[in-house]
Amino acid sequence: MPVIEKKRTRDLPQINERIRFPKIRVIDTDGAQLGIMLPQEALQLAEEKELDLVLISDKADPPVCRIMDYGKYKFEQEKKAREARKKQHTADVKEVKMRYKIEEHDYNVRVKQAERFLKDGDKVKATVMFRGREIQHSDLAEDLLKRMATDLEPYGELQQAPKKEGRNMMMLISPKK
């Protein structure tokens, strides 16, 4: 049972009585250094101001602690993490499918789609599908994919050149940075 108790305290943040160092460097709420002192003295100062003593850096020599409102600090950290997650965009792979005998207007529609995907920051996988004996015309499909790559040059760069995969030929274009 004591082992579980020991593990539980390791996950908890190092604040107030949990700070176990012989000497610590203390920083006040306004950022002024109060100097190096015993954790008990620093805790007493923090309690006088009705705040917490929070371990900032345990790698420093001596470890650095700050007197602050821990609840407010924790809330600010969570808020920053939420904002970072909100701004984060994962690049998905969007697919544009067509046949090698595609008509001009349909081709232009596919290029516009791919262009929109690239502008949104997603990768585009352009696929040409073959049916039956159409596989003989893989050179025409390769020309079509190369043409598409040149049409999308302003928006993205070719990440993977056209290659055959079974009854399909595909290429990958990633957005320009």
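Residues numbered from 1 in each chain as written. Predicted model: local features only at pLDDT ≥ 70, side-chain atom pairs only at ≥ 80, totals over all residues. Heavy atoms only, no water.

### Some words on the sheet that holds strand β5 (residues 93-99)
Let me state the cut-off plainly: A strand pair is defined by DSSP finding two or more bridges across the two strands. Secondary structure follows DSSP: runs of H or I at least 4 residues long count as helices, runs of E at least 2 residues long count as strands, and numbering of each begins at the N terminus. Note on geometry: axes are lines fitted to C-alpha atoms, helical ones only across the stretch in contact, with angles between N-to-C directions running from 0 to 180 degrees.
Read from one edge of the open sheet, 4 strands run β5-β6-β8-β7, paired in mixed fashion. In this open sheet, the two strands that pair with only one neighbour each are β5 and β7 (156-165). Adjacent strand axes in the sheet meet at a mean angle of 20 degrees when their direction is disregarded. As judged from the 7 bridges shared by β7 and strand β8 (residues 168-175), these two strands associate in the antiparallel manner.

### Re the UniProt feature "domain: Translation initiation factor 3 N-terminal" (unreviewed entry) in the protein
Basically, it comes down to this: UniProt positions are given in the numbering used here, feature names are shortened, and annotations may be inferred rather than shown by experiment.
If you check UniProt for "domain: Translation initiation factor 3 N-terminal" (unreviewed entry), the listed places come out as residues 15-84 in our numbering. Structurally, residues 15-84 comprises 36% helix and 29% strand, and the distance from its first C-alpha atom to its last is 26 Å.

### A short note on unusual backbone geometry
Note the cis peptide between aspartate 61 and proline 62, where omega equals -5 degrees. On the secondary structure map, proline 62 appears in the loop between β3 (52-57) and β4 (64-68). Although it is not a glycine, asparagine 16 adopts a positive phi angle of roughly 45 degrees. Tracing the chain through its elements places asparagine 16 in the loop between α1 (2-11) and β1 (24-27).

### Observations regarding the pattern of salt bridges
Applied cut-off: Any carboxyl oxygen of Asp or Glu within 4 Å of a side-chain nitrogen of Lys or Arg constitutes a salt bridge here. Burial here depends on accessible area, computed with a 1.4 Å probe over protein chains only, as a share of the maximum for the residue type. Under 20% is buried, over 50% is exposed, and the range in between is partly exposed.
Summed over the entire model, instances satisfying the criterion amount to 10 salt bridges. Residue aspartate 58 pairs with lysine 59 through a salt bridge whose shortest N-O separation is 3.8 Å. Its relative accessible area of 74% is what places lysine 59 among the exposed residues. Between glutamate 104 and arginine 147 there is a salt bridge, with its nearest N and O atoms 2.7 Å apart. Taken together, the positions of glutamate 104 in helix α4 (residues 104-119) and arginine 147 in helix α5 (residues 138-151) put the pair 43 residues apart, joining distant regions of the chain.

### Topic: the packing of α4 against α5
The criterion, for reference: Any angle from 65 to 115 degrees is called roughly perpendicular, while one under 35 is roughly parallel, one over 145 is roughly antiparallel, and all others are oblique. By definition, turning the near helix anticlockwise from the far helix through less than a right angle yields a left-handed crossing, and turning it clockwise yields a right-handed one. Should any heavy atoms of two residues lie within 4.5 Å, those residues are considered in contact.
At a minimum axis separation of 11 Å, α4 and α5 run at an interaxial angle of 50 degrees. With respect to each other, α4 and α5 are oriented oblique. As for how α4 packs across α5, the hand of that crossing is right-handed. Along the contact surface, α4 presents Glu104, Tyr107, Arg110, Val111 and Ala114, while α5 presents Leu144, Arg147, Met148 and Asp151.

### Side note on the side chain of glutamate 134
Its location among the elements puts glutamate 134 in the loop between β6 (123-129) and α5. Owing to a relative accessible area of 11%, glutamate 134 belongs among the buried residues under this scheme. Those residues in contact with glutamate 134 that lie beyond four places of it in its chain are Arg99, Tyr100, Lys101 and Met129.

### Observations regarding the UniProt feature "domain: Translation initiation factor 3 C-terminal" (unreviewed entry) in the protein
The UniProt entry lists residues 92-176 under the feature "domain: Translation initiation factor 3 C-terminal" (unreviewed entry), expressed in the numbering used here. Helix makes up 35% of residues 92-176 and strand 38%. Its end C-alpha atoms lie 14 Å apart.

### Digging into the nonpolar core
Rules: Residues belong to a common nonpolar core when they are buried Ala, Val, Leu, Ile, Met, Phe, Trp, Tyr or Cys residues joined through side-chain atoms within 4.5 Å.
The biggest cluster of nonpolar side chains holds 21 residues, and the ones touching the most others in it are Met98, Val128, Leu145, Met148, Leu152 and Met171. Of all the secondary structure elements, the ones that give two or more residues to this core are β5, α4, β6, α5 and β8. In this structure, Ile19, Ala42, Cys65 and Ile67 belong to the second largest nonpolar core, which totals 11 residues.

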